[in-house]
Number of protein chains: 2
Amino acid sequence: MMTDAFQPDALWTPLALLPDGWRRNVFLTIGDDGRWKSVAPETPTPPAGAEVIAGAVLPGLVNAHSHAFQRAFAGLAEPAGDEQDDFWSWRTRMYAVANRLTPSVLRAVAAQLYLELLEGGYTHVCEFHYVHREASGAPYADPTAMLTALAEAADEAGIGLTLLPAVYERAGFGQSEVLPEQRRFLATPDDAWAMTTALEERRSARINCGLALHSVRAVRPDSFARLRRLAENFTGPIHIHVAEQTAEVEACLRETGARPVAWLVREGYLDPRWQLVHATHTNDEERDAVARSGAGVIVCPATEANLGDGWLDLPAWMATGVPLAIGSDSHVTRDWREEARCLAYGARLMTRRRGFGIAASTAAGLFSGAQLGGGDAAGELVWGLTPGARADALRLDLKQPSLIGVPPEKLLDAVIFSSPSPCWADALVAGRWALRRGRHPRRARIQARFSQAMEELWHSASDRPDAGQSFPVRKQKLSSGRL
Amino acid sequence: MMTDAFQPDALWTPLALLPDGWRRNVFLTIGDDGRWKSVAPETPTPPAGAEVIAGAVLPGLVNAHSHAFQRAFAGLAEPAGDEQDDFWSWRTRMYAVANRLTPSVLRAVAAQLYLELLEGGYTHVCEFHYVHREASGAPYADPTAMLTALAEAADEAGIGLTLLPAVYERAGFGQSEVLPEQRRFLATPDDAWAMTTALEERRSARINCGLALHSVRAVRPDSFARLRRLAENFTGPIHIHVAEQTAEVEACLRETGARPVAWLVREGYLDPRWQLVHATHTNDEERDAVARSGAGVIVCPATEANLGDGWLDLPAWMATGVPLAIGSDSHVTRDWREEARCLAYGARLMTRRRGFGIAASTAAGLFSGAQLGGGDAAGELVWGLTPGARADALRLDLKQPSLIGVPPEKLLDAVIFSSPSPCWADALVAGRWALRRGRHPRRARIQARFSQAMEELWHSASDRPDAGQSFPVRKQKLSSGRL
């Protein structure tokens, strides 16, 4: 039956995490569409033709929020010791890299990132993309040139991808245009809609399309209404950054009389397609309204911690029942295990408690939230080891130090809370092994291109991102209303 | 010159982190005592006989606080979803494991831990040891049986070790004895002093001895005075847990009229030998007094976050100039890179800033604090790539994804803040390669014994640590004064 070692028809494993928990002796079959055809626990003997997966099997997770290009400065945008650094000074450094990208550099950086994400346990990534134009602000001949670079990178790495072209129109509340260093981000609702429509032809077993609005601050109020009309019959996900920084919340309050999440609620935009990225600074009313709307929430714990965004009230969000998807955002961390730790540990440090009397705060609860919320964020109807879901999986290696001797019912606890030894070296995406026993068929080429791209960004030019500024970047003050 | 590939006489590397920063073309020679004999930057060509180390070289770091046995439940003491879990309920689970230890189980668990610590960038570990007796409370025929097991494990792994037998006398403030589940911890100042004296014969190029007092709550006030007299001419380090939990601070205040750190200051105990572990809940006066005393501070960021201890005021500690050593304590994380991230990220989440205008808060500052403070905690006069210091080092592999294309001056930023790909596979301890290109000569044996020990602890018995309690463990209430 098995015609291709990288593309099995069926798997059998002694232990797998199904939607109702750990089950023994699980037999899974895969359809020609790259989705699970059947999932049968309590199948004591591996049926003929099934690939036997020793160890245990977990669903792959969706990385629900990525700006792939930011991998090019992961760890390289740290404050110097003499600076009072914050999110806004970090953003200045980020722009310096964004403005040096070309489609080929982006492709090289994204391919390396996607390979690392597979190793970090993600089998799908949502690209919230806003670097649309040439650095001058002129459109590329093909307006989807940069998005195409991302799709090619995902194909090369073998990871799943949801492309989310973002509307970006202004420098901040009350502004009518972008800053010079934001020129290449410019996209109206009609531009974004045209990109999503053009990308339809790239849809595949691994590639989905959606839409994004950069944020309440960077999109004009009437453009929210325009995008709603354009996307009236669109069923894909709609992502937006919201309430990441207190300065943004304050400016929104001044400008609109409402906090950003409350504004989205008041204007009636939220529905189950919407995915709120960060949602760090929210109050009880906003959280309850999000829960009622059916919208999703995507947290980016390591990035939010690295940027000093502030503390997400995890117990309060968990009490609403909204599943929390995980995104690696700026990619300072490229492993969902560390993201889950960051999320739980931030809450424990703040509350001085470990458990919150909520199942969602356990390792199993964190994983389940990331699994369910991630599927929604990716635009998938179901996600996990269940019929109809994409055939994505990770093989847990029970001989890795963190898992040696761990009782089965505590496996997920050890996977998340015993670090850093890696727990897997095999990742299945849409029924195909993208990573097998730690080997990736295109690793050498991907790494060589990434190395070359990093050389171009950091070594070749006098205008490297941290050595002066090739754009008239203005330092923004946190206290100003101008974000 | 090189008679042993694992024991070089001299190294040459194109880039190394010396006490004054990154230096190029560094030639290091090693004496027969396992210490650096000379360190010469700007040596353009590798001298004959020197082993050439491609990439870059970092000092090894000291893991300044370890309870090795807790590796046996790393990740396995997480709260269930229906529990209001905290430090004290965690401690109940920890005691269940502590009370199942034998010297051979401890040796097996510690050897696996020490191997993982080498891989996590530590070349030395300080064992704060309080499991002295048999579970019944009867002394072992050799009172240093458990400490000897730790020393044998360190020998097997090839890591450096500072043994710290701890005084433990009572269940809490105002108590005169230990709880039944604490019986095997019992040690008077004279017992601890006798153990340290007996261990003198184990001293070697890699093994040091010191002393510990479990905490202000678990040691009688007059025993502090007794230990001071016994150790009057002792030059090794003296470690103590302090101010990890607010309940402990409150109980100390009620009992003594002073907070725990303030009490140590008031009684005049602190001097440069003293190492304060945690020091989480301190005020400005206490921090200033610690700085004036010359005592060290050891933080355990991942454990403190996992246990919900509360937030350490990092900017305030850094402003005092006290270097912060790092310990992995309960071993939920066994890599100093993640400990450094936990430390920095906790502070960023709390303050909503990234930089604090203090060089100590940068990657270089965090590393330097851990290097200097760690050396003090280990009882070493100097630590790092400098003559007289122990010849410990890590080889940075610049081809690892996190380091590809990173400019040399940003290497340490990327090492700490770009995760999770490992940055090294070679660790030198006292002039000998303990880990070489990822290989460890005794890995298979160590792992097999660990696996067997985990089997004994978690699978074989009906009284496994999480399945009922073989000891009359009483749940302790946070609000009670009885800790």
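What counts and what doesn't
- Residues numbered from 1 in each chain as written.
- Chains lettered and ligands numbered in written order.
- Predicted model: local features only at pLDDT ≥ 70, side-chain atom pairs only at ≥ 80, totals over all residues.
- Heavy atoms only, no water.
- Helix = DSSP H or I, 4+ residues; strand = E, 2+ residues; numbered from the N terminus.
- Rg over C-alpha atoms; globule rule 2.2 N^0.38 Å.
- Areas by Shrake-Rupley, 256 points an atom, 1.4 Å probe, with all protein chains shown as cover.
- Lys, Arg positive; Asp, Glu negative; His and termini not counted.
- Charge placed at Lys NZ, Arg CZ, Asp CG, Glu CD.
- Buried < 20%, exposed > 50% of the residue type's maximum accessible area, 1.4 Å probe, protein only.
- Pairing = 2+ DSSP bridges.
- Contact = heavy atoms within 4.5 Å.
- Buried area = accessible area lost by both parts, 1.4 Å probe.
- Salt bridge = Lys/Arg side-chain N within 4 Å of Asp/Glu carboxyl O.
- Polar contact = N/O pair within 3.5 Å; in protein donor to acceptor, adjacent residues only side chain to side chain.
- Nonpolar A, V, L, I, M, F, W, Y, C, P; charged D, E, K, R; others polar.
- Phe/Tyr/Trp six-rings, centres within 6.5 Å; stacked < 30°, edge-to-face > 60°.
- Core = buried A, V, L, I, M, F, W, Y, C linked by side-chain atoms within 4.5 Å.
- Least-squares fit on C-alpha atoms with pLDDT ≥ 70 in both.
- Axes fitted to C-alpha atoms, helices over the stretch in contact; angles between N-to-C directions.
- Parallel < 35°, antiparallel > 145°, perpendicular 65-115°, else oblique.
- Left-handed = near helix turned anticlockwise from the far one by under 90°.
- Expected span 1.5 Å × (residues − 1).
- Arc of directions from axis to C-beta.
- pLDDT = per-residue confidence, 0-100.

Next up on the list: the overall build of chain A. Scanning chain A from terminus to terminus reveals 14 helices and 17 strands. Here the C-alpha radius of gyration of chain A, 22 Å, is about what a compact globule of 483 residues would show, namely 23 Å. For chain A, the C-alpha atoms occupy an extent of roughly 65 × 50 × 50 Å along the three principal directions. Only carbon and sulfur atoms are counted for the fraction: they give 51% of the accessible area of chain A, which is about 15,800 Å². If the 51 positive side-chain charges of chain A are averaged to one point and the 57 negative ones to another, these points end up 2 Å apart.

To continue, consider unusual backbone geometry. Residues and elements named next belong to chain A. Across the junction of Ser419 and Pro420, the peptide omega takes the value 5°, indicating a cis bond. Its place among the elements puts Pro420 in the loop between α13 (411-417) and β16 (424-429). Its identity is not glycine, yet Ala279 carries a phi of approximately 50°, on the positive side. By the element assignment, Ala279 lies in the loop between β12 (274-278) and α8 (284-293). Residue classification places Ala279 among the buried residues on the basis of a relative accessible area of 0%. Notably, Asp329 is not glycine yet its phi reads approximately 50°, a positive angle. Assignment of secondary structure puts Asp329 in the loop between β14 (324-326) and α11 (336-351).

A few words now on the pairing of strand β15 (residues 393-396) of chain A. Residues and elements named next belong to chain A. Side chains Ala393 and Arg395 of β15 all project onto a buried face; the interleaved residues Leu394 and Leu396 project onto the opposite face, where all are buried too. The pairing of strand β5 (residues 56-58) with β15 spans three bridges and is antiparallel. Bridge pairing links Ala56 to Leu396 in β15.

Another point: the interface of chain A and chain B. In this assembly, 75 residues from chain A lie in contact with 75 residues from chain B. Roughly 5,800 Å² of surface becomes buried between chain A and chain B when both sides are summed, with 52% attributable to carbon and sulfur atoms. For the pair chain A and chain B, the interface holds eight salt bridges. The residue Asp85(B) makes a salt bridge to Arg354(A) at a minimum N-O spacing of 2.9 Å. Where chain A packs against chain B, one counts 36 residue pairs in polar contact (both at pLDDT 80 or more). Counting residues per element, the ones that place at least two in the side of chain A that touches chain B are α1 (87-98), α2 (103-119), α9 (301-306), α11, α13 and α14 (443-458) of chain A. Ranked by residue count, the leading element in the side of chain A that touches chain B is α11(A), at eight residues. Along the lines of polarity and charge, the residues of the side of chain A that touches chain B split into 29 nonpolar, 22 polar and 24 charged.

Take the packing of aromatic side chains next. As enumerated under the stated definition, the model contains 32 aromatic pairs over all chains in all. Both rings, one in Tyr168(A) and one in Phe185(A), keep their centres 5.3 Å apart while their planes meet at 70°; by these two values the pair is edge-to-face. Linking Tyr168(A) in the loop between β8 (160-167) and α4 (189-199) with Phe185(A) in the loop between β8 and α4, this pair joins segments that are 17 residues apart in sequence. When sorted by exposure, Tyr168(A) lands in the same class as Phe185(A), which is buried. Seen in terms of ring centroids, Phe224(B) and Trp263(B) are 4.9 Å apart; in terms of plane orientation they differ by 75°. Their pairing is edge-to-face. In this pair, Phe224(B) is assigned in helix α5 (residues 221-230) and Trp263(B) in helix α7 (residues 260-266), connecting sequence segments 39 residues apart. The residues Phe224(B) and Trp263(B) share a single accessibility class, namely buried.

With that settled, consider the nonpolar core. By size, the foremost hydrophobic cluster in this structure holds 302 residues, and its most contacted members are Tyr114(A), Leu264(A), Tyr114(B) and Leu264(B). Look past the residues within four positions of Leu264(B) in its chain and what remains in contact with it is Val216(B), Phe224(B), Ile240(B), Val242(B), Tyr269(B), Leu270(B), Trp274(B) and Leu276(B).

A few words now on the relation of the copies chain A and chain B. With an RMSD of 0.0 Å, the fit of chain A onto chain B corresponds to turning through 180° and sliding 0.0 Å along the axis. The transformation relating the two chain copies, once decomposed into turn and shift, fits a two-fold axis. When C-alpha positions in chain A are compared against the rotation axis, the closest is assigned to Gly346(A), at 3.4 Å. A shared interface surface links the copies, since 100% of the contact residues of chain A are contact residues in chain B too.

To continue, consider the packing of helix α4 (residues 189-199) of chain B against α5(B). All names here are of chain B. Running from N to C, α4 and α5 cross one another at 30°; their axes reach a closest spacing of 9 Å. The angle between α4 and α5 falls in the class roughly parallel. When the axes of α4 and α5 are compared, the crossing they make is right-handed. Judged by residue contacts, Pro189, Asp190 and Trp193 of α4 engage Ser223, Arg226, Leu227 and Leu230 from α5. Class assignment of the residues belonging to the contact of α4 with α5 gives a composition of four nonpolar, one polar and two charged.

As for its placement among the helices and strands, Thr282(A) is situated in the loop between β12 and α8. Thr282(A) sits in the buried class, given a relative accessible area of 11%.

Here we come to the pairing of strand β17 (residues 432-435) of chain B. Residue and element names in this part refer to chain B. Bridge analysis of strand β16 (residues 424-429) against β17 gives three bridges, and the strand direction is antiparallel. Considered in β17, the bridge of Leu428 is made with Trp433. Between β16 and β17, which pair antiparallel and follow one another directly, the connecting turn spans two residues, one of which, Ala430, has a positive phi of 50°.

Moving on: helix α14 (residues 443-458) of chain B. Residue and element names in this part refer to chain B. Compared with an ideal rise of 1.5 Å per residue, which puts 16 residues at 22 Å, α14 spans 22 Å between its outermost C-alpha atoms and is within 8% of the ideal. Listed as buried for α14 are Ile446, Gln447, Phe450, Ala453, Met454, Leu457 and Trp458. Projected down its long axis, α14 carries its buried residues within an arc of 125°, all on one side. Residues of α14 that are buried in the fold lie against α2 (103-119) and α3 (145-157).

The next subject is the packing of α2(A) against α14(A). Angle between the axes and distance between the axes are the two parameters that describe a pair of packed helices. Residues and elements named next belong to chain A. Contact geometry for α2 and α14: axes closest at 8 Å, N-to-C directions at 130°. Comparing their axes, α14 and α2 come out oblique. When you trace α2 past α14, the crossing you get is left-handed. Contacts between α2 and α14 involve Val105, Arg107, Ala108, Val109, Ala111, Gln112, Leu115 and Glu119 from the former and Arg443, Ile446, Gln447, Arg449, Phe450, Ala453, Glu456 and Leu457 from the latter. Of the residues belonging to the contact of α2 with α14, the class tally is nine nonpolar, two polar and five charged.

Further remarks concern the environment of Cys300(A). Here Cys300(A) lies in the loop between β13 (296-299) and α9. Given the relative accessible area of 0%, Cys300(A) is considered buried.

Before going further, it helps to examine the pattern of salt bridges. Two side chains that carry opposite charge are able to pair once their charged atoms sit near each other. Evaluated as defined, the whole model comprises 60 salt bridges over all chains. Residues Arg354(B) and Glu78(A) are paired through a salt bridge, measuring 3.4 Å at the closest nitrogen-oxygen approach. Of this pair, Arg354(B) sits in the loop between α11 (336-351) and α12 (363-378) while Glu78(A) sits in the loop between β6 (61-66) and α1, which puts the two residues in different chains. With a relative accessible area of 7%, Glu78(A) lands in the buried category.

Before going further, it helps to spend a moment on the confidence of the model for chain A. Residues and elements named next belong to chain A. Scored by pLDDT, chain A comes out at a mean of 92, with 94% of its residues at no less than 70. For the stretch residues 467-483, pLDDT sits under 50, and the model shows 39 contacts to residues farther than four places along the chain or on other chains. The ipTM value of the predicted complex is 0.94, and its pTM value is 0.95.

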